[in-house]
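Observations on chain architecture
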Amino acid sequence: MARNNQRDRAATTPVSETVDGGLAELVPDRERPRARTLLLDGAPQSHVDPDDPTYLSFEYQRRLGHVVDLAAPPNRPLQAVHLGGGALTLARYVAATRPRSTQQVVELDEALVRFVRRELPLDPGARIRVRSTDARAGLAKVQDGWADLIIADVFAGARTPAHLTSTEFLAEVRRALRPGGLYAANLADGPPLAHLRGQIATAAAVFPELALTADPTVLRGRRFGNAVLVASDRELPIAELTRRVATDPHPGRVEHGRALADFAGGAAPVTDASARPSPAPPASVFR
């Protein structure tokens with residue numbers, strides 16, 4: 001009993017450690033006994049509830065969770081690649097909702113991975129392999145057509161690195177996806193949404209089917225925020241994705257087809273030669 005009490009107290013105490021990307025902190029969730037929010041240099045990165053890995057707190061993670069749910073019929077195992085690890089929230093979600101899935105996580109910050117796995121251990125039965133390398137270099141090692149699902153959620157200093165925003169990068173994504181596989185990317189932008197429009201044009205140059213989901217105020221360019229871009233070589237489940245996003249605690253909107261092309265507004269695809277990191281969020285975002 002004393003050992004359990006010590007464990008419970010530890011779960012309610014913030015812990016921190018300096019990692020390659022700055023100061024990593026795991027802050028307790030007041031409403032969920034063992035849940036933690038991961039912060040890097042004060043910026044929230046992800047949220048994990050070890051008692052319920054299917055609970056996705058952040059809006060963008062819920063939307064990525066919808067993509068996971070729609071990637072294949074319920075309970076069917078997936079072969080998934082996660083570019084960017086954070087607290088391994090989406091990998092835990094896949095393992096919980098689709099047992100026997102095989103997953104590869106690519107996370108450059110090896111110290112962060114050690115910190116997260118020590119404080120929030122993975123289920124030993126989960127088939128999750130973590131590689132500590134650059135996301136694009138790790139993707140290059142994935143076999144052709146291996147993945148049912150690839151999720152990109154990579155930020156360095158709250159910005160997506162430039163080499164993960166180009167047509168050359170997305171060509172590597174498509175190479176690693178099986179026919180009919182899904183790609184989902186967490187993008188962050190604010191007015192005038194030039195980065196987001198450019199990423200839509202870039203994806204459209206590689207994939208025939210696209211959808212974008214975000215808070216309507218972000219899509220209208222009224223505030224900085226996250227958007228999830230979904231791409232595939234097959235028709236996307238737009239109706240079901242729209243229904244799920246509309247019924248989230250913070251309802252979002254889904255754009256696709258002509259409306260999404262109009263939103264992109266004639267933006268040019270990004271290449272390795274022209275790529276830039278995503279814009280830095282304003283300080284007010286994290287207040």
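For the structure itself, look to the data block above.
Scoring rules and cut-offs
Residues numbered from 1 in each chain as written. Predicted model: local features only at pLDDT ≥ 70, side-chain atom pairs only at ≥ 80, totals over all residues. Heavy atoms only, no water. Pairing = 2+ DSSP bridges. Helix = DSSP H or I, 4+ residues; strand = E, 2+ residues; numbered from the N terminus. Axes fitted to C-alpha atoms, helices over the stretch in contact; angles between N-to-C directions. Contact = heavy atoms within 4.5 Å.

Re the sheet that holds strand β2 (residues 22–29)
Taken in spatial order, the four strands make up an open sheet running β1-β2-β3-β4, and their pairing is antiparallel. Only two strands of the sheet have a single partner each, and these edge strands are β1 (15–19) and β4 (43–48). The average undirected angle you get between the axes of adjacent strands in this sheet is 25°. Its contacts with the sheet place helix α4 (residues 110–119) against β1, β2 and β3 (32–40), and it is angled at close to 160° to β1.

A short note on the sheet that holds strand β7 (residues 127–131)
An order of β7-β6-β5-β8-β9-β11-β10-β12 is seen for the eight strands of this open sheet, with the pairing classed as mixed. The sheet terminates laterally at β7 and β12 (253–256), the two strands that pair on one side only. The sheet shows a mean angle of 15° between the axes of neighbouring strands, taken without regard to direction. Here strand β9 (residues 177–189) runs beside strand β11 (residues 225–232); their pairing, made up of eight bridges, is antiparallel. Along β11, the bridge assignment pairs L182 with S232. Contacts from helix α7 (residues 194–204) reach β9, β10 (209–214) and β11, with the element oriented near 170° to β9. Running over the sheet, helix α10 (residues 257–264) touches β10 and β12 and is turned about 90° from β12.

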